[in-house]
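# An overview of the molecular structure
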Amino acid sequence: MTNLARFIDHTLLKPEATAQQVEKLCQEAKTYGFASVCINPSDVKLATELMRGSAVKVCTVVGFPLGATLALVKVFEAEQAINNGATEIDMVINIGALKSGNVSLVEQDIATVVKTCHQHGAICKVIIETALLTDDEKIRVCQLAKQANADFVKTSTGFSTGGATVADVALMRRTVGTEMGVKASGGIKTLADAQAMLDAGASRLGTSAGVQIMQAEC
């Protein structure tokens, strides 16, 4: 396997995703040696069974895709997903609270989910939905995620008005420094896209085009 594969979260988060598609995703992830499969919470148990014995992690999402659920609901989602075998949790911040200036709510939202993940031995990635934020808001929420000891900040859900950009990834990397992960997600379709995000400072790539990217690299 090439080094690029280890950066990729092989992703299937469509609402209409079938069990057969999840099985195919998991087989592809094992074949290419991707970092993880990223699937909907209801598919975690199936993915965990399929990935048993593999180095590929099982990742899922909470508060997805809007982020407006209560922190305790996100905690419950995370706990259930971890109980079903997930070891990586991508949580969406409360975007409306951030836009309203309610920083304390956002801080609590992030910190509560991160703490829960870490208590159960899972890593937590914080999705900030960059397309909806100003640069100042991006910086502030990245700082909050870092203060909460989150493992990654992540650009996008892939369901909003835009996805990852090189500028946003670079800004996030400058803000969190070198010790924290930055996940670029949303609109990464080609090998050139993937390389540009890594060059900008991404340490993980969320994409549904992992197979095509790997085939282009060969």
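Coordinates for the structure precede this section.
Here we summarise the structure given alongside this text. (Residues numbered from 1 in each chain as written. Predicted model: local features only at pLDDT ≥ 70, side-chain atom pairs only at ≥ 80, totals over all residues. Heavy atoms only, no water.)

What the rule picks out here adds up to 13 salt bridges. For Lys 125, the salt bridge identified is with Asp 90, shortest N-O distance 3.0 Å. With Lys 125 in strand β5 (residues 123–127) and Asp 90 in strand β4 (residues 88–92), the pair connects residues that are 35 residues apart, well separated along the chain. Across the salt bridge formed by Asp 90 and Lys 183, the nearest N and O atoms sit 2.8 Å from each other. Note that Asp 90 is positioned in strand β4 and Lys 183 in strand β7 (residues 181–185), a separation of 93 residues in sequence. Under the relative-accessibility criterion, Asp 90 is labelled buried at 0%. Classification of Lys 183 as buried rests on a relative accessible area of 0%. (Salt bridge = Lys/Arg side-chain N within 4 Å of Asp/Glu carboxyl O. Helix = DSSP H or I, 4+ residues; strand = E, 2+ residues; numbered from the N terminus. Buried < 20%, exposed > 50% of the residue type's maximum accessible area, 1.4 Å probe, protein only.)

The next subject is helix α7 (residues 166–176). When α7 is considered as a whole, its buried residues turn out to be Asp 168, Val 169, Ala 170, Leu 171, Met 172, Arg 173 and Val 176. Downstream of α7 by one or two residues, Gly 177 has phi in the positive range, about 80°.

Bringing the side chain of Thr 11 into the picture now. With respect to the secondary-structure elements, Thr 11 resides in strand β1 (residues 8–12). Looking at Thr 11, the relative accessible area reads 15%, which means it is buried.

Turning our eyes to something else, we now look at the packing of α7 against helix α8 (residues 191–200). Between α7 and α8, the shortest axis-to-axis distance is 8 Å and the interhelical angle comes to 25°. Relative to α8, the element α7 lies roughly parallel. Between α7 and α8 the crossing geometry is right-handed. Contact residues: Val 166, Val 169, Ala 170 and Arg 173 in α7; Ala 196, Met 197 and Ala 200 in α8. (Axes fitted to C-alpha atoms, helices over the stretch in contact; angles between N-to-C directions. Parallel < 35°, antiparallel > 145°, perpendicular 65-115°, else oblique. Left-handed = near helix turned anticlockwise from the far one by under 90°. Contact = heavy atoms within 4.5 Å.)

Two strands in a sheet stick together by hydrogen bonds in their backbones, pointing the same way (parallel) or opposite ways (antiparallel). If you walk around this closed barrel you meet the 8 strands as β1-β2-β3-β4-β5-β6-β7-β8, and the pairing is parallel. Taking the axes of each pair of neighbouring strands and ignoring which way they run, one obtains an average angle of 25° across the sheet. Contacts between helix α2 (residues 44–51) and the sheet are confined to β2 (36–39) and β3 (57–62), with β3 contributing the most and set at about 170° to the helix. Across the sheet, helix α9 (residues 210–217) is in contact with β1 and β8 (204–207); its angle to β1 comes to roughly 140°. (Pairing = 2+ DSSP bridges.)

The biggest cluster of nonpolar side chains holds 69 residues, and the ones touching the most others in it are Val 37, Ile 110, Val 126 and Leu 205. Discounting residues that sit within four places of it in the chain, Val 126 has contacts with Met 91, Ile 93, Ile 110, Val 114, Ala 145, Ala 150, Phe 152, Val 153 and Lys 154. (Core = buried A, V, L, I, M, F, W, Y, C linked by side-chain atoms within 4.5 Å.)

With that settled, consider the pairing of β7. Burial within β7 is extensive, with 5 of its 5 residues counted as buried. Residue alternation in β7 divides its side chains into two sets, Gly 181, Lys 183 and Ser 185 and Val 182 and Ala 184, and both sets are buried. Taken together, the 3 bridges between strand β6 (residues 152–154) and β7 define a ladder with parallel strand orientation. Within the sheet, the bridge partner assigned to Phe 152 lies in β7 and is Gly 181.

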